[in-house]
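So you can see what is in the structure, the chains are spelled out below.
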Amino acid sequence: CPPMLLSMRSSRRASLALVLASLAACGDRVAPANTATGGTVIISAPADADLLFPPLAGNETAIAVVDQIFDRLAVPDSTLQLTDPAHFAPQLARSWDWARDSLSVVFHLDPAARWHDGPPVRASDVRFTFDVYRDSAVGTSVATLLGNIDSVTARDSATVIFWFKRRSPYQFFDATYQTRILPEHVWRDVPRADMRKHELARKPVGSGRFRFVRWMPGSSIEVASDTMNYRGRAKLDRVIWTIAPDAQARVARLMTGEADVTSFLRAEHLAELPKHPTLRSFGMLSLSITYLMFNLQAPGAPNGPARRGFADRPTRRALSMAVDRVRLTRSVVDSLGLPAIAGVPRLTLAGDTVLRQLAYDPAAARRLLDSAGWHLAAGDSVRRHGAEALRFSVLVPSTSAPRRLMAVLLKDMLRQVGAQADLEILEVPPLMQRLHERRFDAIIHNISVDPGPSSVRQMWTSAAARGAEPTNYGAYENAAFDALIDSADAARDARLARDYSHRAYQLLSDDAPGIWLYEPRNIMGIHTRIRTAGIRDDAWWAGLADWTIDPAARLPRDNRTQRQASQ
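As the structure is a computational prediction, the values presented were derived from the model and not from experiment.

### Focus: the pattern of salt bridges
The final tally for this structure, using the stated rule, is 24 salt bridges. Note that Arg233 and Asp237 form a salt bridge whose closest N and O atoms lie 2.9 Å from each other. A relative accessible area of 25% means that Arg233 is categorised as partly exposed. A relative accessible area of 7% places Asp237 in the buried class.

Have a look at this one:
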């Protein structure tokens, strides 16, 4: 288990440290072997799935479910050594061969693989999947991560070839991780622009070790073991996600035995765990980051003057220097988070944790704002640049207590240097609409990414800032940064790729298109009757099909003929 960040400055924090240290299951990332099969695991989830269509599955619940129903060609092991194909386990691809020039890889599909509705998985399904993911009419954000794949061809029904534009340490990762293979016979006749809204996006047919059973919107999602699966039936009979947006309700289900698993426990929940001897926890690094993102879009949209200030690099740097990120993290999430060090999570940095940070220095921030033309008149509390005030709105999701508290503290820190942040607390749907339409000044945003370095393309490159469906919502553009990312992708060895990536991330941090706040730690709660397997930091649910239940601790719902839990 990764080490906890323990910086305790009160008896409450010291007590929490003891709780964390006493959670013996933190070391139980792979539980002792248990050959038992059967039973039902209930997961208490914070949000309903958005879609169960892999290219467009957007939140943790949706991704966890589609990962059970659909297969990739191969998957990384728990080491997450993404540049070494030896650390990938076969799924649909039984084996693979590289061309001598390393510009293509041949995947040999498992001849026993079949779709849940009966037909065999063919090379044409893989080719079709690649076309769907790359099609702009579908609108998946993953398309930008497939840019180094020139094409996918089918040599025969069981052999598919990926052709690359250039050699890169992450070629194999890009070919296998980014796409879950779709059944062409199911989706062939659906117009690409209609896939998002089609009923099939809510009734998925895959090839995984679990098959879809039912989705009761806002209530639950159920999958069941595919008993004739080519990789062997899942060891559990069923998995059910029950939806509980309220954190207290979600954890209450775990503590009363209504659920077996929940993720992202808070400090107050950890303090309660020792009172429940049938519960344990373990912690993981997170693939998410929370940050204040500035909108650098040119003036002309609503609140243009404030964004003109954000377009000025010294102004952004000064605002970042006004924020004590370490104190924010400790105050809001205690030991359940780490101060962020870059515009992407640590797990995507390939061990690069020595990036130079903009130091917390309010006095230097004031001097920098003065030199940038933002002056504070006698008796005024907000700086001005001519007729413009250094005042802007900050969007905050009403559903996130940590971000709401962080917004209040951040507002006070910015006020100390003469900047006025007006908080707009919004429900998620209108907030996301404002984000996608870029109708905001700044937003306290949280994003989850995949473990590879290519995620930075979605978040910060110029290409991702443009087009009909931009994913670089703050509109940050820097040609030098883009060139460094391109060089990292084109590098022929991992060392050179890391060097280019380091320079790119350093430039991003120096430019300060956002204020990196913190990376939440995922501390999960789980019933002791559950024996986990294959826990990965990027996806704790990855080995769910190999989880088992202690036969001596079975509950009535573990009988597959009893269906009370899903009703």
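### Considerations on the sheet that holds strand E10 (residues 238-243)
Taking strand neighbours across the sheet as the criterion, the seven strands line up as E8-E9-E10-E1-E11-E21-E12 in an open arrangement whose pairing is mixed. Both edges of this open sheet fall to strand E8 (210-216) and strand E12 (279-284), since each of them pairs with a single strand only. Relative to strand E9 (residues 220-225), E8 runs antiparallel, the two being bridged by six bridges. Its bridge partner being in E9, Arg214 is matched across the sheet by Glu222.

### Remarks on the packing of helix H9 (residues 313-321) against helix H11 (residues 362-371)
For any two helices packed against each other, the geometry is given by the interaxial angle and the distance between the axes. Running from N to C, H9 and H11 cross one another at 160 degrees; their axes reach a closest spacing of 8 Å. When the axis of H9 is compared with that of H11, the two are roughly antiparallel. Handedness of the H9/H11 crossing: left-handed. Between H9 and H11, the contacting residues are Pro314, Thr315, Arg317, Ala318 and Met321 on the first element and Pro362, Ala364, Ala365, Leu368 and Leu369 on the second. Class assignment of the residues belonging to the contact of H9 with H11 gives a composition of eight nonpolar, one polar and one charged.

### Brief notes about the pairing of E10
Among the six residues of E10, six are classified as buried, and the element is accordingly described as predominantly covered. The pairing of strand E1 (residues 40-45) with E10 spans six bridges and is classified as parallel. Residue Ser44 lies in a different strand from E10, and its bridge partner there is Thr242. When E9 meets E10, the two strands line up antiparallel, connected through five bridges. Within the sheet, the bridge partner assigned to Ser220 lies in E10 and is Thr242.

### Details of unusual backbone geometry
Phi is positive for Arg438, close to 60 degrees, though the residue is something other than glycine. Counting through the fold element by element, Arg438 comes out in the loop between helix H13 (428-436) and strand E19 (442-448). One non-glycine residue, Ala512, lies in positive phi territory at about 55 degrees. Mapped onto the elements of the fold, Ala512 is located in the loop between helix H16 (494-511) and strand E20 (514-520).

### Let's talk about the packing of aromatic side chains
For the coordinates displayed, the defined rule picks out 20 aromatic pairs. When the ring of Trp96 is compared with that of Phe172, the centres are 5.0 Å apart and the planes differ by 55 degrees; the resulting orientation is tilted. In this pair, Trp96 sits in strand E4 (residues 93-98) while Phe172 sits in helix H4 (residues 171-177), placing the two residues 76 residues apart along the sequence. Considering the side-chain rings of Trp540 and Trp547, the 6.2 Å spacing of their centres and the 35 degrees angle between planes classify their relative orientation as tilted. Just above the ring of Tyr177 sits the side chain of Arg72; from NZ or CZ to the centre is 4.5 Å.

### Details of the side chain of Thr315
Considering the arrangement of structural elements, one finds Thr315 in helix H9. Residue class for Thr315 comes out buried when judged on its relative accessible area of 0%.

### Here we look at H13
The α-helix winds at 3.6 residues per turn, so residues separated by three or four positions along the chain end up facing the same way. Among the residues making up H13, those that are buried are Leu431, Arg434 and Leu435. Take H13 and look down its axis: the buried residues cluster within an arc of 100 degrees, on one side only. On its buried side, H13 packs onto strand E13 (288-294), strand E17 (391-397), strand E18 (420-426) and E19. Following H13 by one or two positions, Arg438 has its phi on the positive side, about 60 degrees.

### Observations concerning the sheet that holds E20
The strand order E14-E20-E13-E19-E17-E18 describes an open sheet built from six strands, whose pairing is mixed. Each having just a single partner strand, strand E14 (337-339) and E18 make up the two edges of the open sheet. Mean inter-strand twist for the sheet, computed between neighbouring axes without regard to direction, equals 25 degrees. In this sheet, E20 lies alongside E14 in antiparallel orientation, the contact comprising three bridges. Paired with Leu338 across the strands is Glu519, a residue of E20.

### Brief notes about the pairing of strand E7 (residues 159-164)
One face of the sheet, then the other: side chains in a regular strand alternate in exactly this way. Summarising burial for E7: five of the six residues are buried, a large majority. Taken together, the five bridges between strand E5 (residues 104-109) and E7 define a ladder with antiparallel strand orientation. Looking at E7, one finds that Phe107 is bridged to Val160. Across six bridges, strand E6 (residues 149-156) lies against E7 in antiparallel orientation. The residue bridging Ser151 from the neighbouring strand is Trp163, located in E7.

### Some points on the nonpolar core
Counting 65 residues, the largest nonpolar core has Leu292, Phe392, Leu414, Trp460 and Leu517 as the members making the most contacts within it. In this view, Leu414 contacts Leu319, Ala322, Val323, Phe392, Ala419 and Ala421; residues no more than four positions away in its chain are not counted. Grouped together as the second largest cluster of nonpolar side chains are 50 residues, Phe128, Val190, Leu236 and Met284 included.

### Regarding the packing of helix H10 (residues 325-333) against helix H12 (residues 401-415)
Here H10 crosses H12 at 145 degrees, and the two axes come no closer than 10 Å. Both H10 and H12 take part in a crossing whose hand is right-handed. Between H10 and H12, the residues in contact are Arg327, Leu328, Thr329, Ser331, Val332 and Val333 and Pro402, Leu405, Met406, Leu409, Leu410 and Met413, respectively. Here the contact of H10 with H12 is composed, by residue class, of nine nonpolar, two polar and one charged.

### Concerning the environment of Asp110
In this structure, Asp110 sits in the loop between E5 and helix H3 (123-134). With a relative accessible area of 17%, Asp110 lands in the buried category. Each C-alpha atom of the pair Asp110 and Arg94 lies 4.9 Å from the other, and the pair is 16 residues apart in sequence. Asp110 has contacts with Leu92, Arg94 and Tyr230, leaving out every residue within four places of it along the chain. A distance of 2.9 Å separates the side chain of Asp110 from the backbone nitrogen of Ala112, its partner in a polar contact.

About the criteria used
Residues numbered from 1 in each chain as written. Predicted model: local features only at pLDDT ≥ 70, side-chain atom pairs only at ≥ 80, totals over all residues. Heavy atoms only, no water. Salt bridge = Lys/Arg side-chain N within 4 Å of Asp/Glu carboxyl O. Buried < 20%, exposed > 50% of the residue type's maximum accessible area, 1.4 Å probe, protein only. Pairing = 2+ DSSP bridges. Helix = DSSP H or I, 4+ residues; strand = E, 2+ residues; numbered from the N terminus. Axes fitted to C-alpha atoms, helices over the stretch in contact; angles between N-to-C directions. Parallel < 35°, antiparallel > 145°, perpendicular 65-115°, else oblique. Left-handed = near helix turned anticlockwise from the far one by under 90°. Contact = heavy atoms within 4.5 Å. Nonpolar A, V, L, I, M, F, W, Y, C, P; charged D, E, K, R; others polar. Phe/Tyr/Trp six-rings, centres within 6.5 Å; stacked < 30°, edge-to-face > 60°. Lys NZ or Arg CZ within 6 Å of the ring centre and 35° of its normal. Arc of directions from axis to C-beta. Core = buried A, V, L, I, M, F, W, Y, C linked by side-chain atoms within 4.5 Å. Polar contact = N/O pair within 3.5 Å; in protein donor to acceptor, adjacent residues only side chain to side chain.

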